[in-house]
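Structural overview for review
What follows is each chain in one-letter form.
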Amino acid sequence: MKYLLYFQEGFIRKFPLDKKVFTIGRAAENDLVVKEDCVSRRHLQVSVGEDHIDINDLGSRNGTYVKGGRVSEARIDVNESFLLKSCEFFLKRGDLTEFKAAPELIPVFKQMGRRAAERTKDIETHYISDTALEVLKQLLADGLKCRSMSEYLLSLSNYLSIFSNFGNLVLTCRGQDGPVYSYRHAEDEAMLLEIVRQAPDAYGQIRSYEAISGRLGEHFYSFPLKLHDSDALLLYFPPPGNRRPLHKVEKFLHTLAKQIELVAQLVPENGDAAVVTDGSDGAEETINTINPEFKRLINEAKRIAASELFILIQGESGTGKELFAQLIHRHSDRRHKPLVAINCAAIPENLLESEFFGHEKGAFTGAHAQKKGKLELSSGGVLLLDEIGEMPRSLQAKLLRALEEHEFFRVGGVTPIQVDLRIVSLTNSQLQELIAAKKFRSDLYYRLVHHTITLPPLRERREDIAPLINHFTLFFSRQYGREVKGYSVNAFRALKEYPWPGNVRQLKNEVHRLVNLAGANCMIDFELISDTIRQPAADPGQTASFAAQVEPEDERALLLRLLAKNNGNKSRTARELNMTYQGLHKKMKRLGIDKQSTP
């Protein structure tokens with residue numbers, strides 16, 4: 001049965017949707033009474049559909065919000081949510097049993113209803129003590145919208161990547177050989193699990209920083225919980241050689257265990273596969289997202305992967321098209337055969353035919369030996385055609401014939417080569433426009449495109465920017481052996497607010513650069529950010545226009561006017577210029593502005 005899930009007075013409440021129309025408000029005459037000051041007397045009317053609800057704000061004072069925007073009416077599907085100011089309601093399906101929330105989760109629920117205050121001083125963004133509650137809040141909000149436990153655990157991996165130097169986290173059930181979930185999988189993980197499970201009362205006792213038998217200097221944390229109807233353990237193995245983690249780390253892990261237990265009560269037990277994420281994988285091999293639409297596309301790609309359909313992945317440069325192609329290959333029945341890629345724009349036209357179909361010895365000048373082409377090499381696997389819109393028309397006809405007949409001839413060959421092909425094509429062009437311009441064959445398009453996946457640009461999934469910054473920072477810090485402590489608030493804000501026209505690739509390259517420029521054991525400050533990001537285009541009337549390139553004389557006059565406007569307050573002036581206090585001092589010194597020059 002469908003119900004509305006919400007948190008009230010320490011309980012997880014479930015309101016059954018057994019009426020076609022009902023109202024929510026503070027007054028007693030409403031069907032669902034919510035006694036919160038932020039809720040109006042008659043706040044909202046809800047109409048119940050087959051697999052969704054339609055909500056209609058009744059002129060409330062504080063408003064109704066969906067996906068961050070205030071709405072007068074909206075459709076809410078199962079596993080989506082809406083807010084009445086600070087009270088969040090989730091549309092779920094399942095049994096109606098209500099239960100009391102674990103005490104550890106109450107601060108997290110309260111934080112979900114609060115807007116975090118903006119930080120006004122430089123802090124280190126990677127320290128768990130600064131971000132734990134925010135991570136738990138966002139993770140719980142995701143968990144209440146999840147359709148399965150595996151979806152929640154994949155989301156957990158994205159959030160854990162925020163923390164630098166985080167150890168190995170494992171979720172394991174009694175009676176199962178392997179883990180249900182593993183973050184930063186250790187090579188000897190199976191041995192560690194066996195040691196922990198053999199401890200007395202392993203599934204009934206919390207263990208904090210207990211030494212691992214036979215492993216000098218290694219310790220673990222253990223938190224018993226229920227996963228559906230099974231006894232389970234959340235285990236944490238700190239990085240070897242480190243000092244004992246802070247108490248806040250233990251508190252975070254304890255709360256996380258209670259949160260996993262709660263989410264397991266709210267999602268169906270549907271035989272979820274084990275979730276194993278390395279967390280130290282190459283930056284090229286991981287799709288990091290907390291965006292609902294991008295998650296949907298990932299699930300769609302996995303579902304389509306099991307078929308034999310030819311797929312077109314389209315999107316702007318840097319959005320992750322090749323990562324999706326790799327994802328499809330890994331989840332297909334062809335994963336044990338190669339994924340063979342060819343870039344149609346990177347190879348000269350006179351060599352493309354040989355690259356596609358191969359050639360026989362002596363077929364042309366320089367053909368000193370037989371060579372197999374990409375079609376032949378990818379037979380039984382997946383052929384990846386990058387920049388498919390750049391393929392010459394002459395080659396398009398030959399590829400179409402090979403696809404239709406499942407065979408082709410090498411250049412200079414007389415023996416037909418039979419192939420078993422599945423093709424994934426990538427493009428940042430609009431192929432329909434190329435077809436209209438007679439640059440791409442329509443018959444080849446319909447042969448290559450059975451299903452299309454369109455990836456949104458990074459600017460349309462801004463909630464992913466912060467996790468991606470942290471993911472790439474952690475990856476490059478480890479790659480180059482650097483201990484980057486984090487970002488100043490101004491630096492992190494500049495990265496988060498930039499529109500990233502080059503998408504994830506541009507963001508990755510910027511973080512790569514910042515990690516290399518940062519000193520040992522340093523925090524990345526605003527002054528290190530690239531000029532194009534640090535000096536974004538601003539409205540002419542905004543103070544931020546100071547960041548534009550101006551002559552030194554104009555720059556000095558503009559800075560003096562701004563200092564005068566702020567009565568000489570340098571901290572306020574630095575904030576308005578989106579720079580650090582120290583950076584402002586350096587600029588003042590360079591421009592010859594001293595105390596006598598300022599008000």
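Residues numbered from 1 in each chain as written. Predicted model: local features only at pLDDT ≥ 70, side-chain atom pairs only at ≥ 80, totals over all residues. Heavy atoms only, no water.

**Let's talk about the overall build of the protein chain**
Note the following rule: Only DSSP runs of H or I with at least four residues qualify as helices, and only runs of E with at least two residues qualify as strands; both kinds are numbered from the N terminus onward. We call two residues in contact when some of their heavy atoms are within 4.5 Å. Note that accessible areas follow from Shrake-Rupley with a 1.4 Å probe, and for residues the cover is restricted to the protein chains shown.
Scanning the protein chain from terminus to terminus reveals 19 helices and 29 strands. Counting contacts in the protein chain only where the partners sit at least 6 residues apart, residues at least 24 apart contribute 64% of the total. Approximately 29200 Å² of the protein chain is accessible, and the part contributed by carbon and sulfur atoms is 49%.

**Focus on the sheet that holds strand S3 (residues 21-25)**
Sheets are built from strands that pair by backbone hydrogen bonding, the pairs being arranged parallel or antiparallel. Put simply, the rule is: DSSP calls a pair of strands paired once it identifies at least 2 bridges connecting them.
With respect to topology, 5 strands assemble into an open sheet ordered S4-S3-S5-S6-S9, the strand pairing being mixed. Of all strands in the sheet, those with a lone pairing partner are strand S4 (32-33) and strand S9 (73-77), marking the two edges. As paired strands, strand S6 (residues 52-57) and S9 are joined by 5 bridges and run antiparallel to one another. Across the sheet, the residue bridging to Ile53 is Ile76, located in S9.

**Let's talk about the nonpolar core**
Rules: As used here, the term nonpolar core means buried Ala, Val, Leu, Ile, Met, Phe, Trp, Tyr and Cys residues forming a set that is joined through side-chain atoms within 4.5 Å. Think of it in three bands: residues with accessible area under 20% of the maximum for their type are buried, residues over 50% are exposed, and the middle band is partly exposed, with areas taken using a 1.4 Å probe on protein chains only.
Of all hydrophobic cores here, the largest spans 33 residues; its most connected members are Leu169, Leu171 and Leu256. If you tally residues by element for this core, the top one is helix H5 (residues 247-266), at 8 residues. Leu169 has contacts with Leu156, Leu160, Tyr181, Ser182, Tyr183, Leu234, Leu235, Tyr236, Leu253 and Leu256, leaving out every residue within four places of it along the chain. Core analysis: the next-biggest nonpolar cluster, separate from the first, contains 31 residues, Met391, Leu421, Ile435 and Leu448 among them.

**Quick notes on the environment of Ser208**
How we decide: Two N or O atoms form a polar contact when they lie within 3.5 Å of each other; inside protein one atom must be a possible hydrogen donor and the other a possible acceptor, and for residues adjacent in sequence the pair counts only when both atoms belong to side chains.
Along the polypeptide, Ser208 turns up in strand S15 (residues 207-211). With relative accessibility at 26%, the residue Ser208 sits in the partly exposed group. Spatially, the C-alpha atom of Ser208 lies 7.5 Å from that of Glu250, the residues being 42 residues apart in sequence. Beyond its immediate sequence surroundings of up to four residues, Ser208 is in contact with Phe220, Tyr221, Arg244 and Glu250. Here the side chain of Ser208 touches Glu250 through a polar contact of 2.6 Å, side chain to side chain.

**Let's talk about the environment of Ser155**
Tracing the backbone through its elements, the reader meets Ser155 in helix H3 (residues 149-160). Looking at Ser155, the relative accessible area reads 1%, which means it is buried. The spatial distance from the C-alpha of Ser155 to the C-alpha of Asn288 is 8.7 Å, given a sequence separation of 133 residues. Not counting chain neighbours up to four residues away, the residues in contact with Ser155 comprise Leu139, Asp142 and Lys295.

**A look at the pattern of salt bridges**
Heads up, the condition is: Salt bridge, as applied in this entry: a Lys or Arg side-chain nitrogen positioned within 4 Å of an Asp or Glu carboxyl oxygen.
The full count for this structure, using the stated rule, is 22 salt bridges. One salt bridge in this structure joins Arg334 and Glu308, with 2.7 Å as the shortest N-O distance. With Arg334 in the loop between helix H7 (321-330) and strand S20 (339-343) and Glu308 in the loop between helix H6 (292-305) and strand S19 (311-314), this residue pair connects regions lying 26 residues apart in the sequence. Classification of Arg334 by relative accessible area gives buried; the value is 6%.

**Describing the sheet that holds S19**
Applied cut-off: Here, axes are lines fitted to C-alpha atoms. For helices the fit covers the stretch in contact, and angles between N-to-C directions go from 0 to 180 degrees.
The parallel open sheet is built from 5 strands, whose spatial order is S20-S23-S26-S19-S27. Looking along the sheet, the strands with just one partner apiece sit at the ends: S20 and strand S27 (451-454). Averaged over neighbouring strand pairs, the angle between their axes works out to 20 degrees when direction is ignored. Two strands pair when backbone bridges link them, and strand S23 (residues 382-386) and strand S26 (residues 423-427) are joined in this way by 3 bridges, in the parallel orientation. Counted as the bridge partner of Leu385 is Ser425 from S26.

**Concerning the confidence of the model for the protein chain**
Here is the rule: Scored between 0 and 100, pLDDT is the confidence that the predictor attaches to each residue.
The pLDDT averaged across the protein chain works out to 79; a share of 81% of its residues lies at or above 70. Confidence scores differ between elements of the protein chain, with strand S18 (residues 275-277) showing the lowest mean pLDDT of 43 and S19 the highest of 96. The low-confidence segment residues 114-130 (pLDDT under 50) makes 38 contacts with residues lying over four places distant or belonging to another chain. Scored below 50 in pLDDT, residues 537-553 makes 19 contacts in the model with residues more than four places away or belonging to other chains.

**What to know about the side chain of Asp464**
With respect to the helices, strands and loops of the structure, Asp464 is situated in the loop between S27 and helix H13 (465-479). Contact partners of Asp464, with chain neighbours within four places excluded, come to Asn288, Thr289, Ile290, Asn291 and Leu458.

**Focus: H7**
Most of H7 is tucked away: 7 of the 10 residues are buried. Taken residue by residue, H7 has Lys321, Leu323, Phe324, Ala325, Leu327, Ile328 and His329 as its buried positions. Among the structural elements, H6, S19, S20, S23, S26 and S27 are those in contact with the buried residues of H7.

**Describing unusual backbone geometry**
The backbone phi angle of His406 is positive, close to 60 degrees, even though this residue is not glycine. Tracing the sequence through the fold places His406 in the loop between helix H10 (393-405) and strand S24 (407-408). Here His406 falls in the partly exposed class, since its relative accessible area comes to 46%. Residue Lys438 is not a glycine yet carries a positive backbone phi of 65 degrees. If you trace the backbone, Lys438 turns up in the loop between helix H11 (431-436) and helix H12 (442-448).

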